[in-house]
Every structure is written in structure tokens, then in C-alpha cells.
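Spelled out from the first residue to the last, the chains are:
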Amino acid sequence: MLDISYNDLSGNLPLCLANLTSLRRLYLSFNHFIGNISSSPLRDLINLEYLSVSGNLFQIPISLSPFFNHSKFKYMESRDNKIFAETNDQHLNPRFQLERLVLSSGGYCGVFPKFLYYQHNLQVVDLSHNQMREGFPSWLLQNNTKLEQLYLINNSLSGPLKLPIHSHMYLSWLDISDNFFQDFITPEIGTYLPRLRYVKMSGNGFSGSLPSSLGNMSLLAYLDLSNNKLSGNIPEGLGNMHFLRVLDLSMNNISGSLPSNFCSSKIKEIYLSRNGLQGSLEDAFYGCSELIVLDLGHNHMTGSIPSWIGEFSQLSYLILGHNHIDGEIPVQLCNLTQLSLLDLSHNHFSGEIPPEIGTLSMIKVLNLSYNKLIGAIPPTFSNLGQIESLDLSYNNLEGKIPPQLTQLYSLAVFNVAHNNLSGKTPERVAQFATFDQSSYEGNPLLCGLPLPKSCNNTSPSPPVTPTEEKEDNSFMDMGVFYVSFVVSYIMVLLAIAAILYINPYWRRRWFYFIETSLTGCYYFLVDNITLLSKFGLS
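Computed from a prediction, not measured in an experiment: that's the story for all the values here.

Enquirer: Describe the nonpolar core, naming the residues involved and giving the relevant values.
Expert: Among soluble globular proteins, nonpolar side chains are generally buried collectively. One finds Phe262 and Phe285 to be the most contacted residues of the largest nonpolar core, which totals 125 residues. Of all the secondary-structure elements, those providing two or more residues to this core are β6 (57–61), β9 (100–104) and α1 (138–143). Tallying contributions element by element places α1 first for this core, with three residues.

Below is the structure:
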């Protein structure tokens, strides 16, 4: 064995590697090696059984033709190298029988490798992120009855999901997510693949209803069918999956009510958001005491939150936003000491916010917006030391914003807009110095920065209509004009009379000015009358 992985080696592989003819296990992963494997010394290591070359810059043919004469070759692992198709692919039947094949994230765009038709001992196959075309390779399951794990993530596979005729008793992991599969999921999937433990088919175009045979897959622990076009109701048999830990059916068209007690007692994560689910929460989740995540956002759920929600002591994420849930926020929610995210937005919750929510010391996101909540913002919210987002907008909350909230130093989002809050906005210190007007708008009785309304204008004068203001302004202007004109005229006359009376010199100058002005006016008139008579206008 030779292990030189996780170093900073670069360049081509040294030719002296060809001398290690007894080498069976070679680890070259996560270096900076380059070159085409076909022309490397690896083709001379005929006793090689195990080869790991992930995380380099190798060029590797999809057919693995450099190893066709390696009869002992069983394990090939290559992630993040350059995988290409050879133009001359004559050798289709290699001497080796692989047990583990990983050729993922190689940028290959083509059909399935032809040499796989002749492999019968495969246990693990990962050909993800290669954009391979064609349909699902049911022949791969048919020819390799010992296959345990199959990963075909993010390729361009299309068509229906065709399963082998006979049951496959070893396949436990199947991930075909992010492809272009269409049509319905084979109804007998639970019969053909009864040993599945991990199933991920998200991001495709599967339609039709959920197969009832899923309930027969008693070993299933992880089921992800999200982001498809599935419709219909959830089968009653989902409650028989006693080992199920994660269920993701989000972003489909699933409708109807949730079956009573449909989740197993050991399930930890349930994602059912963005469907058309209806009904109440009362019976569906009773007894799921080990839940960590419950996401039912964007559905049509009704009723109220059951009081037994307080028994979910491990619940960290509760998302019920965008539903039609009503009633009061149960105080039992405050028993969920591990709660990190609580989203009850866009519902019909009424009543006051329980002050006990301030005891949820682990919470990071609290969204109660778009409801009918009344009363004051509990001052106990200042105890939410880890909270990063607090949204109480679009409710009927009243009273003052507790000034203690400025102690929430991790707060990045704060919104109390469109309520009936009054008084002064919190002091602009720490995180609250970063919140703008949109955090407070829609509260007519709020004042202070960043709002434009100042808290100093306690008794503003009554508004004046534009018409009245215009009339008042014009009246005052004319009155001032008349008064000022008369006063100024009288003052000028008095000043002139006083000067002429006191000073004889200025008195003589004044009479001389008057006489000169009168004489000038006389001759002006005489000259203009003579001029007009010359043009025949006299």
C-alpha cells in the first residue's frame, strides 16, 4: 500500500511508479496531479486492486480502458477530475470485476459507460454530476444483484423510473435526485426494492399519487420525494414505517387531510411545506415526541395548535406559516426549550403574545407577523439573547416598544410595522442603530428616529385647508400694503416739510427744483404737440 493523499504534490505521476509491480492499494487523492491516466505508469500496475485519485486534475476515460488488463482491480474512486469519452472504444469486456465505482463530478456528457454491462459484482456505483443521457439503467440493477448503493444525482436522465422485473434484495441507498424523470413512480417500488433505507428522488418531474407500497418498506429511514408534481392523498400506510427518521414531501401538489397518527414514534424530521394539505394538527402528529423539525408552511391547515405540542421536548424548528390556523398561541410552546425557529406568520392567531415566550433562550428566528395578535409586546423578549430575527408586523399590537429590546445584540432583523404601537422608538444603539423606517412604519402614534415624526411635537396645530390658507395669505398681504403705503406717504411729507422749515438753503433748493420741473414739463408738452401737428394729427 502507498498513501500520499492530502499533500501539495503536483505535476505528472513519476514514471518510477511503474516499478511497484506488487502494489495493490494506491491513494493519490487531494493533490494537484495532472495528466491522462491512459499514458500514466498506473496502467503497468497489473496487481492494483484499489485506486483513489479524487480531487486532482487527472484526465480519466469513462471506459477505464487503461485498467482493462488489471484482473484484480476492484475499487475505483475519482471525484472532481476530468472524465472524457474515448473516440475508439473497442475493448468493451474488461478482465476486472469492480465492486465499487465512483466517477462523479467529472464533467462527462454522454451515455452510460458501456463496460458496465459486463460488471456483475458491483456493490457501490456513483456516477453523479456527469450529465449522462438516457433513461434509468434498470439493467444495472438486474445484472448486479449485490448492488447496495446507487447514486445518479444531477444528470440528465429522463423518462419513467423502470425497475427490474424481480425484487432486488440488497439495494439500500438510491439517490436519483435532480434529473428529468417523469411519469408516475412505479406502484410496486416497495415490492421490487423492499430493503431500501435511503431514498432520494427530489427535483424531478414525477407525477401521480404516492405509491401505497411505500408502506411496505419497513426498513426505510430516509424518504425525500420533494420538488416533484405528486398529487393525491398521503397513504394510510406511511405510519407503518417504524424506522423512518426523515420524511420530505414538500413542494408537490399533495392534498387532503393528514392520516391520523401517520408518523412513526421515532421520526425526527417532517417536511410537508408547499402542498395543499388540509385539516387540523390534532391527530396527525400526536405521539411524535422525538420530532426535531416540523415544517407545514404554505398549506391550508386549519384549527388550533394542540396543547400536547409542549411534549415535543426536542423540537427545534416549527414552521406553520401561511396556513389558516387560528386560536391563541398556546403557552405550552414555551416548554420547547430547544426551539430555534418558530414561524406562525400569515395565519389567524388572536389574543395576546404569551410573555413566557421570553423563556425560549435558544430561539434565533421568531415570526408572528400577519396575524390578529393584540396587547403589548412582552418585555420578556429582552431575554431572547440569541435571537437574530424578530418579526411582529401586521398585527394589532399596542402600547410602547419595550426599551429593553436594545439589549438583543444578535438581532439582525426587527419588524413591528403596521400595528397600533405608540410612544418613542427604541434608542438607536447597538443593533437598533441599523434598522430603518420600514421596521416601524404603519404605526401612527410612534415617533422618533428613524421615523420622520418627531416626539417633540406633542400638540400640533390643526391643519389648514389649502383654500383657507390662500385666502388668509392674500388678505394679510393687501392690508399690510395699504397701511404701509399710507404711513410711508405721510412720513415722507412730514420729513420734507420739517427740512424746508428748518433749513433756508434746502428751502430755496426745493422751490428751485419745483420751478425747473414745471418748466421742463411745459416745454415737453409744447414740443410734442408741434411734432404731432407736422404729421397731420393735430
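Once the structure has been displayed, the description carries forward.
Enquirer: I'd like a rundown of the packing of aromatic side chains, residues and numbers included.
Expert: Scanning the model with the defined rule gives 20 aromatic pairs in all. Geometrically, the ring pair formed by Phe432 and Phe435 is edge-to-face, given 5.1 Å between the ring centres and 80° between the ring planes. Residue class for Phe432 comes out buried when judged on its relative accessible area of 0%. Put simply, the rings of Phe67, Phe68, Phe73, Phe96 and Phe115 touch in pairs and so form one group of aromatic residues. Here the basic side chain of Arg25 rests over the ring of Tyr50, its NZ or CZ set 4.3 Å away from the ring centre.

Enquirer: Run through empty space enclosed by the protein, naming residues and quoting values.
Expert: In the structure shown here, the tally under the stated rule is two cavities of 30 Å³ or more. Roughly 50 Å³ of volume is contained in the largest cavity. Lining the largest cavity we find Leu281, Phe285, Leu294, Ile305, Pro306, Trp308, Ile309, Phe312, Leu318 and Leu320. Considered class by class, the residues forming the lining of the largest cavity number ten nonpolar, no polar and no charged. Size it by volume and the second largest cavity reaches roughly 40 Å³. Of the residues contributing to the lining of the second largest cavity, the split by class is ten nonpolar, no polar and no charged.

Enquirer: Can you lay out the pairing of strand β7 (residues 75–79) for me, pointing to particular residues and giving the numbers?
Expert: The element β7 is extensively covered by neighbouring structure, given that four of its five residues are classed as buried. With three bridges connecting them, strand β5 (residues 50–52) and β7 associate as parallel partners. Across the sheet, the residue bridging to Ser52 is Glu77, located in β7. As paired strands, β7 and β9 are joined by five bridges and run parallel to one another. Each bridged residue has a counterpart across the sheet, and for Glu77 the counterpart in β9 is Val102.

Enquirer: Please set out the sheet that holds strand β20 (residues 253–257) residue by residue, giving values where relevant.
Expert: Here four strands make up an open sheet; going across it, the order is β16-β18-β20-β22 and the pairing parallel. The open sheet has two edge strands with one neighbour each: β16 (207–209) and β22 (276–278). Neighbour to neighbour, the strand axes of the sheet diverge by 20° on average, direction disregarded. Sheet analysis places strand β18 (residues 229–232) next to β20, joined by two bridges and oriented parallel. Among the inter-strand pairings, Gly232 is bridged to a residue of β20, identified as Ile254.

Enquirer: Mind laying out the confidence of the model for the protein chain, listing which residues take part and the relevant values?
Expert: Averaged over every residue, the pLDDT of the protein chain is 87; the share at 70 or more is 84%. Within the model, the stretch residues 530–538 combines pLDDT values under 50 with three contacts to residues more than four positions away or in other chains.

So, how was this worked out
- Throughout this document, residue positions are counted from 1 along each chain, in the order its sequence is written.
- Only residues with pLDDT of at least 70 are given local features in this predicted model, and only at 80 or more are side-chain atom pairs given and counted; all residues enter the totals for whole chains, interfaces and linings.
- Based on all heavy atoms of the structure, the side-chain values leave hydrogens and waters out of the count.
- Working definition of a nonpolar core: buried Ala, Val, Leu, Ile, Met, Phe, Trp, Tyr and Cys residues. They are joined through side-chain atoms within 4.5 Å.
- Each residue's exposure class comes from its accessible area (1.4 Å probe, protein chains only) as a fraction of the maximum for that residue type: buried when under 20%, exposed when over 50%, partly exposed otherwise.
- Only DSSP runs of H or I with at least four residues qualify as helices, and only runs of E with at least two residues qualify as strands; both kinds are numbered from the N terminus onward.
- Pairing of aromatic rings covers Phe, Tyr and the six-membered ring of Trp, with a centre-to-centre limit of 6.5 Å; geometry is then stacked below 30 degrees between planes, edge-to-face above 60, and tilted otherwise.
- Consider the ring centre and the ring normal. A charge sits over the ring if Lys NZ or Arg CZ is within 6 Å of that centre and within 35 degrees of that normal.
- Any residue with an atom within 4 Å of a point lines the site, the site being either a cavity, points on a 1 Å grid over the protein atoms alone where a 1.4 Å probe fits but cannot get out, or a pocket, an open set with protein on both sides within 12 Å along at least 5 of 7 lines.
- Grid points are joined across faces, edges and corners, and a volume is the space filled by probe spheres set on the points.
- Lys, Arg, Asp and Glu make up the charged group, whereas Ala, Val, Leu, Ile, Met, Phe, Trp, Tyr, Cys and Pro make up the nonpolar group; the residues left over, Gly among them, are polar.
- Think of it this way: DSSP has to see at least two bridges between two strands before they count as a pair.
- Only the stretch in contact is used when fitting a helix axis, every axis being a line fitted to C-alpha atoms; angles between N-to-C directions are given from 0 to 180 degrees.
- For every residue, the pLDDT score states the predictor's confidence, bounded by 0 at the bottom and 100 at the top.
- Whether two residues are in contact is decided by their heavy atoms: any pair within 4.5 Å suffices.

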